[in-house]
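Coordinates in review
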Amino acid sequence: MHVLTVLDHPNPNSFSHAAAQHFMAGADAAGHSTELADLHAEGFNPLWSMADIDSDGKTNVPADVTHEQNRIARADAICLIFPLFWWGMPSMTKGWVDRVWSWGWAYDQLDDYEKSLQRNRNGLLLIPAGARSDEVESKGYRAALDTCWTEGTFGFFGFSPRRMELLYGSTGSEPRRKALLQQSYDCGVTLPPPAGT
């Protein structure tokens, strides 16, 4: 498979960058080809604008959006890596989703989110989170994120199978961080093929 990793963190020395490198190393070890979209390093513009609105998803598509869509077209699996930020996505990831996965290109259905215009791809959210797992799960945050992202947004994009891995305690001790990087590597090694292939 060809695996696209989409990374959102402005600091190249961040834990998110380390997680991306370990995930990609795991995918390489499993025999997959890998590609990195480092949104900050590449200067992606996350601002949704009239240029995006004026496009129908097929014509008048902004050049930077076309570039990202071409990357997606090559991919059999997509891994998004971003830190959990105010219980949501940082602005760069949100802008990438808003602009790139556009109406008329990614989806045009509202009644059945499993009928994407895109072919099936494996979708993985690999999300460093400073909080502990008991904090996130006992208060219902994990279930809420699963509903919004795994069952909602990324169904429209043809991610099947799709899952979210929260890297709990990523701001913790060095042994904890090493274990989370191993978890990231293992996610790359064990990445399954898209459904139906």
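Here is a short report on the structure shown in this document. Everything quoted here is computed from the prediction, not taken from an experiment.

**A closer look at the packing of helix α1 (residues 15-29) against helix α8 (residues 174-189)**
- Between α1 and α8, whose axes approach to 6 Å, the crossing angle comes to 40 degrees. The way α1 lies across α8 gives a crossing that is right-handed. The segment α1 lies against α8, with Phe 15, Ala 18, Ala 19, His 22, Phe 23, Ala 25, Gly 26, Ala 27 and Ala 29 engaging Arg 177, Leu 180, Leu 181, Ser 184, Tyr 185, Cys 187, Gly 188 and Val 189.
- Looking at side-chain class alone, the contact of α1 with α8 contains 12 nonpolar, 4 polar and 1 charged residues.

**Some thoughts on the pairing of strand β4 (residues 121-129)**
- Of all 9 residues in β4, 9 are buried; the element is thus mostly enclosed.
- Side chains Arg 121, Gly 123, Leu 125, Ile 127 and Ala 129 project from β4 onto one buried face, and the interleaved Asn 122, Leu 124, Leu 126 and Pro 128 project onto a second face that is buried too.
- Note that strand β3 (residues 77-81) and β4 share 5 bridges and pair parallel. Residue pairing in the sheet places Cys 79 in a bridge with Leu 124 of β4.
- With 8 bridges connecting them, β4 and strand β5 (residues 159-168) associate as parallel partners. The residue bridging Leu 126 from the neighbouring strand is Glu 165, located in β5.

**Some points on a nonpolar patch on the surface**
- Residues Trp 48, Met 50 and Ile 53 make up a contiguous nonpolar surface patch of roughly 360 Å² in combined accessible area.
- Along the chain, the position of Met 50 falls in helix α3 (residues 50-54).
- Given a relative accessible area of 52%, Met 50 falls into the exposed group.

**Thoughts on the packing of aromatic side chains**
- What the rule picks out here adds up to 11 aromatic pairs.
- Here Trp 101 and Phe 157 contribute two aromatic rings whose centre-to-centre distance is 4.3 Å and whose plane-to-plane angle is 10 degrees, an arrangement assigned as stacked. Of this pair, Trp 101 sits in the loop between α5 (91-100) and β4 while Phe 157 is found in the loop between α7 (141-150) and β5, placing the two residues 56 residues apart along the sequence. For the pair Trp 101 and Phe 157, one class covers both residues: buried.
- A network of ring pairs unites the aromatic residues Trp 96, Trp 101, Trp 105, Phe 154, Phe 157 and Phe 159 as a single cluster.

**Things to note about the pattern of salt bridges**
- Counting across every chain of the model gives 10 salt bridges.
- Arg 99 serves as the salt-bridge partner of Asp 52, at 2.9 Å between the closest nitrogen and oxygen. Here Arg 99 lies in helix α5 and Asp 52 lies in helix α3, a separation of 47 residues in the sequence.
- Owing to a relative accessible area of 5%, Arg 99 belongs among the buried residues under this scheme.

**What to know about the environment of Asp 98**
- Within the fold, Asp 98 resides in helix α5.
- Asp 98 gets classed as partly exposed once you look at its relative accessible area, which sits at 33%.
- For the pair formed by Asp 98 and Pro 46, sequence separation is 52 residues and the distance between their alpha carbons is 8.0 Å.
- Side chain to side chain, Asp 98 and Lys 94 meet in a polar contact 2.8 Å long.

Parameters and conventions
Residues numbered from 1 in each chain as written. Predicted model: local features only at pLDDT ≥ 70, side-chain atom pairs only at ≥ 80, totals over all residues. Heavy atoms only, no water. Axes fitted to C-alpha atoms, helices over the stretch in contact; angles between N-to-C directions. Helix = DSSP H or I, 4+ residues; strand = E, 2+ residues; numbered from the N terminus. Left-handed = near helix turned anticlockwise from the far one by under 90°. Contact = heavy atoms within 4.5 Å. Nonpolar A, V, L, I, M, F, W, Y, C, P; charged D, E, K, R; others polar. Buried < 20%, exposed > 50% of the residue type's maximum accessible area, 1.4 Å probe, protein only. Pairing = 2+ DSSP bridges. Patch = residues over 30% accessible without salt bridge, like charges linked within 9 Å, V, L, I, M, F, W, Y side chains within 5 Å. Areas by Shrake-Rupley, 256 points an atom, 1.4 Å probe, with all protein chains shown as cover. Salt bridge = Lys/Arg side-chain N within 4 Å of Asp/Glu carboxyl O. Phe/Tyr/Trp six-rings, centres within 6.5 Å; stacked < 30°, edge-to-face > 60°. Polar contact = N/O pair within 3.5 Å; in protein donor to acceptor, adjacent residues only side chain to side chain.

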